[in-house]
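Tertiary structure, described
Here's the letter readout for the chains.
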Amino acid sequence: YHFELVGNDCIITRIRPGTDAESKLHIGDQILTLNGFGVDRGDFHDLFYFFNVLAPQASVQLNLRSPSGEERQVVVNSLVKPHKKIIDLTNASDYTDLLQRIDKTDLMTRPRTAENGDIIIWQLPQFDLDIGRIETTIGAARKHKTLVLDLRGNPGGSVDTLKWVVGSLFDHDVKICDRVGRKGNKPEIAKRHGTPFTGKLIVLVDSGSGSAAELLARVVQLEHRGTVMGDKSAGAVMESRYYSESQGANGEVMYGFSVTDANLIMSDGKSLEKTGVTPDELLLPSAADLAAGRDPVLAHAAELAGVKLDPEAAGKLFPF
C-alpha cells in the first residue's frame, strides 16, 4: 500500500490487490500512528525513509481514521520475498531480470498527456526526458489555449530537463535560481527554446513535488507566468552530487552515494529548502475524494481554463 501527505494528514492512496492490506485498508483512510509514531508533515519523510528503505517491517500496526470519521487499529502483514543477494551482470538471466525491472520503473514514470477542448494536460512524473519528447509535447500544447502541467508526486530529476522545460514555457531567457555551492555561486539560466508555449499556464503541485518540480512552480510564481495550485510542496531542493564506486576484482560490488554540495536561492533571495512552495490556490482532495477516485484539483484547473471536467472523470484520466 502507498500513503502520502494531503495537507498535514497522511492518507492511504493506493492498495495492491492480493495483499493482506487489501482486506484491512481502504483508500482514503488516514494513518494516525504507524507502529506508535504519529504521522504528519513534520516527521513524514523520516518515517517513510525508515520503514520503506532502512528497515522494512514484516508487519506494521496502524491506527486509522476512515473518511466517515470512524477509528480502528489493524496489523498489516507484508509478503516477504527473498531475492538473490548477488546479481551477476555477466549472467544472461540476471541481466535480463535487471532490464525488466528498469522497464517497469520507466513505465510507471512515463509522462502522459490528455487533450480536452482548449486545454492540454501534461502529467510529468519526473524530470527525466529527452529533448525530442519535450518538443513534441510543447508542439501539441501550442494548439491549445491552456496547458495544465501536473507535477504532483514529481520528486525532481535532471537540471538539464528542468531548464529545457522552463525554456519552452517562456518567450525569453529566465534565471531559475542561483546555485550557491562550496566553490562559489553560479546562476542557473533557462534559455528560450524554439517556439515556446505562450498560452495560459496552470501548474499543479502537492506534498510529493520536490526539487526541480518545486523550482519550476516557484519560477512560474516569481515571473507571474501562471497559476500554481494544489498542496504545499516538499521543500527538498538542495543539490547533490552522486559518486559511483565499486569494490572487488573478479566479482565487482557496485555502489554509490550522494553528497549535498549546493543550495539553490530563488530570485527573491530565498531558498525553498524546508519551506516548499505555497500554491496561489491551496486546494486539497478530501479523504472521501480519494476513496471515490475523484480529482477535484485537476477538475478545478480545467474549470479555470473554461473547460468542464467532472472530478470523477478527472480522476480516471491517468490511472496508476
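Structure: see above.
Presented here is a report on the structure given in the accompanying data block. What you see is a predicted model, and the numbers here were worked out from it, not measured in a lab.

Procedures and definitions
- Residues numbered from 1 in each chain as written.
- Predicted model: local features only at pLDDT ≥ 70, side-chain atom pairs only at ≥ 80, totals over all residues.
- Heavy atoms only, no water.
- Salt bridge = Lys/Arg side-chain N within 4 Å of Asp/Glu carboxyl O.
- Helix = DSSP H or I, 4+ residues; strand = E, 2+ residues; numbered from the N terminus.
- Buried < 20%, exposed > 50% of the residue type's maximum accessible area, 1.4 Å probe, protein only.
- Pairing = 2+ DSSP bridges.
- Axes fitted to C-alpha atoms, helices over the stretch in contact; angles between N-to-C directions.
- Contact = heavy atoms within 4.5 Å.
- Core = buried A, V, L, I, M, F, W, Y, C linked by side-chain atoms within 4.5 Å.
- Parallel < 35°, antiparallel > 145°, perpendicular 65-115°, else oblique.
- Left-handed = near helix turned anticlockwise from the far one by under 90°.

Considering the pattern of salt bridges
What the rule picks out here adds up to 16 salt bridges. Residue aspartate 20 pairs with lysine 24 through a salt bridge whose shortest N-O separation is 2.8 Å. Residue aspartate 20 and its partner lysine 24 are both found in helix H1 (residues 20-24); the two are separated by four residues, about one turn of the helix. The partly exposed category is assigned to aspartate 20, whose relative accessible area is 24%. Classification of lysine 24 by relative accessible area gives partly exposed; the value is 24%.

Observations regarding the sheet that holds strand S15 (residues 253-265)
Read across the sheet, four strands follow the order S11-S10-S15-S14 without closing on themselves; strand pairing throughout is antiparallel. The open sheet is flanked by strand S11 (184-190) and strand S14 (239-247), the only strands paired with a single partner. Direction aside, neighbouring strands of the sheet carry axes that sit 35° apart on average. In the packing of helix H5 (residues 159-167) onto the sheet, contacts are made with strand S10 (174-181), S11 and S14, and the angle to S11 comes to roughly 45°.

Brief notes about the sheet that holds strand S9 (residues 146-150)
An order of S7-S8-S9-S12-S13-S16 is seen for the six strands of this open sheet, with the pairing classed as mixed. Two strands close off the open sheet at either side, each with one partner strand: strand S7 (112-116) and strand S16 (281-282). Direction of pairing for S9 relative to strand S12 (residues 200-205): parallel, over a ladder of five bridges. Counted as the bridge partner of threonine 146 is lysine 200 from S12. Sheet contacts for helix H4 (residues 131-141): S7, strand S8 (119-123) and S9; angle to S8, the most-contacted strand, approximately 155°.

Digging into the nonpolar core
Residues Trp122, Phe127, Leu149, Leu151, Leu169, Val203 and Leu216 are the most contacted members of the largest nonpolar core, which totals 38 residues. Looking at which element gives the most residues to this core, the answer is helix H6 (residues 212-222), with seven residues. Residues in contact with valine 203, not counting those within four places in the same chain, are Leu149, Leu151, Leu216, Ala217, Val220, Thr227, Val228 and Met229.

Let's talk about the environment of arginine 241
Among the secondary structure elements, arginine 241 is positioned in strand S14. A residue is classified by how much of its surface remains accessible, and arginine 241, at 46% relative accessible area, is partly exposed. Here the alpha-carbon distance between arginine 241 and leucine 149, two residues 92 residues apart in the chain, equals 28 Å. When residues no more than four places from it in sequence are discounted, the contact partners of arginine 241 are Phe257, Ser258, Val259 and Asp261.

Some points on unusual backbone geometry
In this model, asparagine 35 sits at a positive phi of 50°, which is unusual for a non-glycine residue. You can see asparagine 35 is positioned in the loop between strand S3 (30-34) and strand S4 (37-38). A residue is classified by how much of its surface remains accessible, and asparagine 35, at 30% relative accessible area, is partly exposed. Positive phi, close to 55°, is recorded for histidine 224, a residue that is not glycine. Tracing the chain through its elements places histidine 224 in the loop between H6 and strand S13 (227-230).

Some details on the packing of H5 against H6
Packing of H5 against H6 leaves a shortest axis separation of 10 Å and a crossing angle of 25°. Between H5 and H6, the crossing angle belongs to the class labelled roughly parallel. H5 and H6 meet at a crossing whose hand is right-handed. Between H5 and H6, the contacting residues are Leu162, Val165 and Val166 on the first element and Ala212, Leu215 and Leu216 on the second.

Points about the pairing of S15
As defined by bridge partners, S10 adjoins S15 across four bridges and the pair is classed as antiparallel. Across the sheet, the residue bridging to arginine 179 is leucine 264, located in S15. With nine bridges joining them, S14 and S15 adopt antiparallel strand pairing. Pairing of tyrosine 243 across the sheet is with phenylalanine 257, part of S15.

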